[in-house]
Amino acid sequence: MSEKNKAVKTVSYIMIITLAGKVLALLRDMILARQYGSGVEVSAFLTASRIPRVLFDAIFASAITSSFIPIFNRALKEKGRDKAYEFSDVFISVVGMFMVLLMILSMIFAKEIAYFFADGFDEKTLELCINLLKILLPTMICTGIAFSFVGILQSMDRFLIPASISVVFNIIIIVYYFTFDKVFGIYGLAVTYLIGWIMQVLIQIPSLKQIGYRYHFKPYLDYPYLKETLILMGPVMISTWVQPFNILINAKYASRLYEGSAVAAIEFANNLYTMIASVLVLSIMNFVFPQLSKLINDKKQDEFNKTVSTTMEATMFLILPLMAGVMSLSKEVIGLIYGGNRFDEFSVNITSSALFFFSVGMMGYAIQTILSRVYFAKENGKVPMISAVVAIIVNYVFCSLLINKFEVGGLALSSSISVTINAIMLIIPLQMDKNTKLIDFDFIKEILKIVISSVLMCIVIFLIKKILPGGNIGASKKIINLAILFVAGVLTYFLSAFILKIKQVNFVKNIIKKRKNSQI
């Protein structure tokens, strides 16, 4: 098997596993919504579970994979496998110690932290949030270790197990819903989340052993490669704040709407939005990013540029119609997935509004995800750091301006404006750099064709929606309606893309022809 075919096969497996994890996450949220609605318990739980993620994301999450991987690859190239593994030991030890300290401080100031994250909660909801937070804070330690293990395995070209960890986590949560939820309730759910994170660490250990890695506690703060990582991590850490801090700001304002119910709307809509967008973007980037780091280390600038440009075009070919489709079908999707039981019509309406406006920023999300990794691969964290700070400020300002008039939709739109500005600020320096210029006339022409095809798709969906039965219909009819709209939209998009001769369509056609010829 050629290297190209092997790469395509690996990406395909990663996308399938990632998709399975996302579908299970969607099922997990669907059950949570239907069993708890958008009331006090779910608002408190979602806030409490978000706090450890934000505390970790703000300091280490993407910084681990984006700073650790380039330095690990350099150590591997310069000093060999043993030295790279020793660096991993040092890194995990230092990260682990810091996360333990952060967890202890968060335990002490749990009440103050919970209030800061949700200042609109009443006393009862806030008290429940504090109790759940104390159970969930140890997940920060597990997260730090799990992400570090992912970095090691991906650097050693082991992608499938890291992609599988979310599958295991979601299965554990779903099993809890169908077994012990009625007995232990929301507190049992918090404990199950902690168990799920522990399992994400444990399932990676056999793969680490296969590549010859054994962890040893080595808290060497003066270790050379660690110093380089921490220097790079500073800007990277700040540059990865956009997504977690935007949701933090959105949820903080949401706690002031509809007696806190908007928190659930923001959380469910954002989870669905990121699931839809990231199953494509992150699957590609989790495979491409280690390759970019190696190309930079090997000083293959032309190949690096070509890889980035191809990745951008392919992502836009899929993400733009995806964005248009989700916006067109936001209410139908939310009603089908979350609607029912305790998740009433009001909950469906506010959540679909949030999903619609979150989707406006899907292209910006994709571009910022790709280009931030480009900067990290080049060990340049300054530009992403500056753009992230600006984006967070923009989100905060627009939340303040839009909440009164547009309510929960205004909060989601603020986040979309923020990520779009972040993407633009990442594009400009690369475009001005002669060595890494990514956007040319052909690229713009292809994007315009994709936009035209996406608009035509939306028009067809809108027209068909007018003639389909609506109102209070059963789940089976909702599925049929959504299936009709989905198929019509996809066919319209690919037909118009074929007529407009978008390059990615020709690429797909060539693959199909090769497969047919190989079967003859």
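Residues numbered from 1 in each chain as written. Predicted model: local features only at pLDDT ≥ 70, side-chain atom pairs only at ≥ 80, totals over all residues. Heavy atoms only, no water.

Draft legend 1. Spatial organisation of the environment of Thr125. In this structure, Thr125 sits in helix α6 (residues 123-136). C-alpha of Thr125 to C-alpha of Ser43: the two residues are 82 residues apart in sequence and 7.8 Å apart in space. Look past the residues within four positions of Thr125 in its chain and what remains in contact with it is Val40 and Ala44. (Helix = DSSP H or I, 4+ residues; strand = E, 2+ residues; numbered from the N terminus. Contact = heavy atoms within 4.5 Å.)

Draft legend 2. Looking closely at the packing of aromatic side chains. Going through the model one piece at a time under the given rule, you end up with 25 aromatic pairs. Summarising the aromatic geometry, the rings of Phe68 and Phe87 are spaced 5.3 Å apart at their centres and angled 20° between planes, so their arrangement reads as stacked. With Phe68 in helix α3 (residues 61-79) and Phe87 in helix α4 (residues 81-108), this residue pair connects regions lying 19 residues apart in the sequence. An identical accessibility class is assigned to Phe68 and Phe87; each is buried. Consider the rings of Phe68 and Phe91, whose centres lie 4.9 Å apart with planes at 40°: the pair is tilted. Taken together, the residues Phe68 in helix α3 and Phe91 in helix α4 connect sequence positions 23 residues apart. For the pair formed by Phe68 and Phe91, the shared burial category is buried. Ring-pair connections join several aromatic residues into one group, and the members of that group are Phe68, Phe72, Tyr85, Phe87, Phe91, Tyr213, Tyr223 and Tyr225. (Phe/Tyr/Trp six-rings, centres within 6.5 Å; stacked < 30°, edge-to-face > 60°. Buried < 20%, exposed > 50% of the residue type's maximum accessible area, 1.4 Å probe, protein only.)

Draft legend 3. Structural detail: the packing of helix α8 (residues 160-179) against helix α9 (residues 181-202). Contact geometry of α8 with α9 gives a least axis separation of 9 Å together with a crossing angle of 165°. Comparing the axis directions of α8 and α9 gives the class roughly antiparallel. Considering only the axes of α8 and α9, their crossing is right-handed. Residues Ile165, Ser166, Val168, Phe169, Ile172, Ile173, Tyr176, Tyr177 and Thr179 of α8 form the contact with α9, whose participating residues are Asp181, Phe184, Gly185, Gly188, Leu189, Thr192, Tyr193, Gly196, Trp197, Met199 and Gln200. Grouping the amino acids of the contact of α8 with α9 by side-chain chemistry returns 12 nonpolar, 7 polar and 1 charged. (Axes fitted to C-alpha atoms, helices over the stretch in contact; angles between N-to-C directions. Parallel < 35°, antiparallel > 145°, perpendicular 65-115°, else oblique. Left-handed = near helix turned anticlockwise from the far one by under 90°. Nonpolar A, V, L, I, M, F, W, Y, C, P; charged D, E, K, R; others polar.)

Draft legend 4. The arrangement of the side chain of Ser415 in detail. Checked against the element boundaries, Ser415 lands in helix α18 (residues 382-432). Owing to a relative accessible area of 6%, Ser415 belongs among the buried residues under this scheme. Non-local contacts of Ser415, meaning those with residues more than four positions away in its chain, are made with Asn246, Asn250, Phe358 and Asn395.

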